[in-house]
Amino acid sequence: MTEQLFTNGRIMTDAGLGDGEVLVEGGRIVAIGRPGEIDSTAARVDLGGNMLLPGFIDTQVNGGGDALFNADPSVATIARIGAAHRRTGTTGFLPTLISDDLSIVAEALTAMRAAIAAGVPGVLGAHIEGPFLSDERSGIHDADHFRRLDAAGFDVLTAPGAGRVLVTLAPEMAGTAAIGALVTAGLTLAAGHTNATFAEMEAALSAGVTGITHLFNAMSPMTSRAPGVVGAALLSGAYCGIIVDGKHVHPAVLKVALRSRPLDRFMLVTDAMPCVGGNRVAFDLQGKTIEVRDGACFDAEGRLAGSDLDMATAVRNCVDLLGLDLRDASRMASANPAAFLGLDEDTGRIAPGLRADFVLLDDGLNVLETWIGGVANA
C-alpha cells in the first residue's frame, strides 16, 4: 500500500478539531502535522476543507441494508450490514444477535470468525445479546429463548476464534461465578435486559461486567429507595451504551446521565435494524412484523424493536439534542467504544501508530467518505 497524505482538512485529534494533515503508510497513521508541515512525496488525498474524524465504532448492530443478522447469521449478511453502515461513517462494528437458540448463537459466532478471516471490512467481532436475559425485562426479545447461563451456553460462547465477543446478559440469569469465568475466558460482558437489584448489579460489576447495554432501556430503573441497574451503572466505571435517537430515551434524561459521570464512560450505539441503509419499511423479527415509522421501529403492540438510527445521525443528535461539543460526540462514537472493546491501541482515534480508520464529514455532519485501514469505501 502506498503512502497517503490526507491534506486540506480539519483533523479531529485528542486535542480537538484543527487544520492539519495526516500521513498514512501501510494502513496506519505515521504522522500528524499542521498544514504543509509534513514533508512527503505520498499521494495526496484532498479533504476539501472538510472534517476528518476517527471512524465510528458501533457495538450493537442487529442489521442494515435490508439484512438482519438473526435471519441469516452468515458472512454474506455481515458484509451486507457492514457495507450499509459504512456509508454512514461506521468503520468498525459488532454484528449483533438477539436472543435465539444456542445452535443459532454458535452459527453466528462461526460466521463472525469466518468474516474476520475473509477480511470483511469493519467487522471487529460479534455481540451476543441474550438469551441469558430476564423475562421481566424482555423488551422485543422472544422470551421463549431465554435460559440461565449453564455449561452448554458457556461452551458455545467460549469456543476459540478471532475477534471480540461481547455478551449482554442479565446478572441474575448468570451469577457471579459464571460471569468471572466468562471474563477469564476473554469475553467482554455487558448487563442488559435485566431486573437485577442494585446489590446484584454491584456484584456483577465486581465480578467483571464492564458494560451496560442501552442504558435506561430494558432494565430496573433508579428510584428513591431502589437504585436498580441504572443507579449502579451511573455510580460505576462501566461503559454505558446509549441510543440517541430521541425515541428510546428522552434527551433530558440523557443530559442528566451525562452530567453524572465522566463522558469517557459513555458510548453511542445504534441498535440498528435492517431498515438502516436499506429500503424496507417493515421486516420480520422471529415471527413478529416490525414496522418502521417516524424514525423508529415498532411491533404490533407498539414496543420499540431496535432502531432506525445510524451513527452519523447519533453524532448529530448528540450535538443538536444534547448540546454536546463535536469533540465529545466524536469520542463517544469512536474512542470510547474502542476502549470498551480493548482496541484503543489499534483504532478509535487519529493518532500515530493507530489504524487509519476515518470518516469525512461536512459542516452539516453528513458523511462524505470513509476509510478503513487507509482504504476508501468502494
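Refer to the preceding data block for the structure.
These figures come from a predicted structure and were not determined experimentally. (Residues numbered from 1 in each chain as written. Predicted model: local features only at pLDDT ≥ 70, side-chain atom pairs only at ≥ 80, totals over all residues. Heavy atoms only, no water.)

K.L.:
Report on the packing of helix 8 (residues 311-320) against helix 9 (residues 326-333), specifying residues and quantitative values.
P.N.:
At a closest axis distance of 9 Å, the pairing of helix 8 and helix 9 adopts a crossing angle of 145°. Considering the relative orientation of helix 8 and helix 9, their crossing is right-handed. Between helix 8, through M311, V315, C318 and V319, and helix 9, the contact on the second element is made entirely by L326, A329, M332 and A333. Along the lines of polarity and charge, the residues of the contact of helix 8 with helix 9 split into 8 nonpolar, no polar and no charged. (Axes fitted to C-alpha atoms, helices over the stretch in contact; angles between N-to-C directions. Helix = DSSP H or I, 4+ residues; strand = E, 2+ residues; numbered from the N terminus. Left-handed = near helix turned anticlockwise from the far one by under 90°. Contact = heavy atoms within 4.5 Å. Nonpolar A, V, L, I, M, F, W, Y, C, P; charged D, E, K, R; others polar.)

K.L.:
An account of the packing of aromatic side chains is requested, with residue identities and associated values reported.
P.N.:
In the structure shown here, the tally under the stated rule is 4 aromatic pairs. Taking the centre distance of 5.6 Å and the plane angle of 50° together, the rings of Y239 and F340 count as tilted. Of this pair, Y239 sits in strand 14 (residues 239-242) while F340 sits in helix 10 (residues 335-340), placing them 101 residues apart in sequence. The buried category is assigned to Y239, whose relative accessible area is 12%. Exposure remark for F340: the relative accessible area of 5% places this residue in the buried category. Ring plane angle 65° and centroid distance 6.5 Å describe the contact between F358 and W371, whose orientation is recorded as edge-to-face. Of this pair, F358 sits in strand 20 (residues 358-361) while W371 sits in strand 21 (residues 367-372), and the two are 13 residues apart along the sequence. Judged by its relative accessible area of 6%, W371 falls in the buried class. Of the aromatic side chains, those joined through ring pairs into one cluster are F6, F358 and W371. (Phe/Tyr/Trp six-rings, centres within 6.5 Å; stacked < 30°, edge-to-face > 60°. Buried < 20%, exposed > 50% of the residue type's maximum accessible area, 1.4 Å probe, protein only.)

K.L.:
Tell me about the pattern of salt bridges, and please be specific about residues and values.
P.N.:
Scanning all chains against the criterion turns up 12 salt bridges. Residue E37 pairs with R34 through a salt bridge whose shortest N-O separation is 3.1 Å. A residue is classified by how much of its surface remains accessible, and E37, at 42% relative accessible area, is partly exposed. On the basis of relative accessibility, which here comes to 57%, the residue R34 falls in the exposed class. A cluster of three or more residues bridged by salt bridges with shared partners is formed by R28, D346, R355 and D357. (Salt bridge = Lys/Arg side-chain N within 4 Å of Asp/Glu carboxyl O.)

K.L.:
Could you give an account of the sheet that holds strand 19 (residues 304-307), with specific residues and numbers?
P.N.:
As summarised here, the arrangement of the 4 strands in space is 16-17-18-19, forming an open sheet in which the pairing is antiparallel. What marks the edges here is a single partner per strand, and that holds for strand 16 (282-285) and strand 19. Adjacent strand axes in the sheet meet at a mean angle of 30° when their direction is disregarded. When strand 16 meets strand 17 (residues 288-293), the two strands line up antiparallel, connected through 4 bridges. (Pairing = 2+ DSSP bridges.)

K.L.:
Kindly report on unusual backbone geometry, identifying the contributing residues and their values.
P.N.:
Residue P131 is bonded to the preceding G130 through a cis peptide linkage, with omega at 15°. Looking at the element boundaries, P131 is found in the loop between strand 10 (125-129) and helix 3 (151-157). Here H193, not a glycine, exhibits a phi torsion of approximately 45°, which is positive. Structurally, H193 can be placed in the loop between strand 12 (188-191) and helix 5 (198-207). Judged by its relative accessible area of 5%, H193 falls in the buried class.

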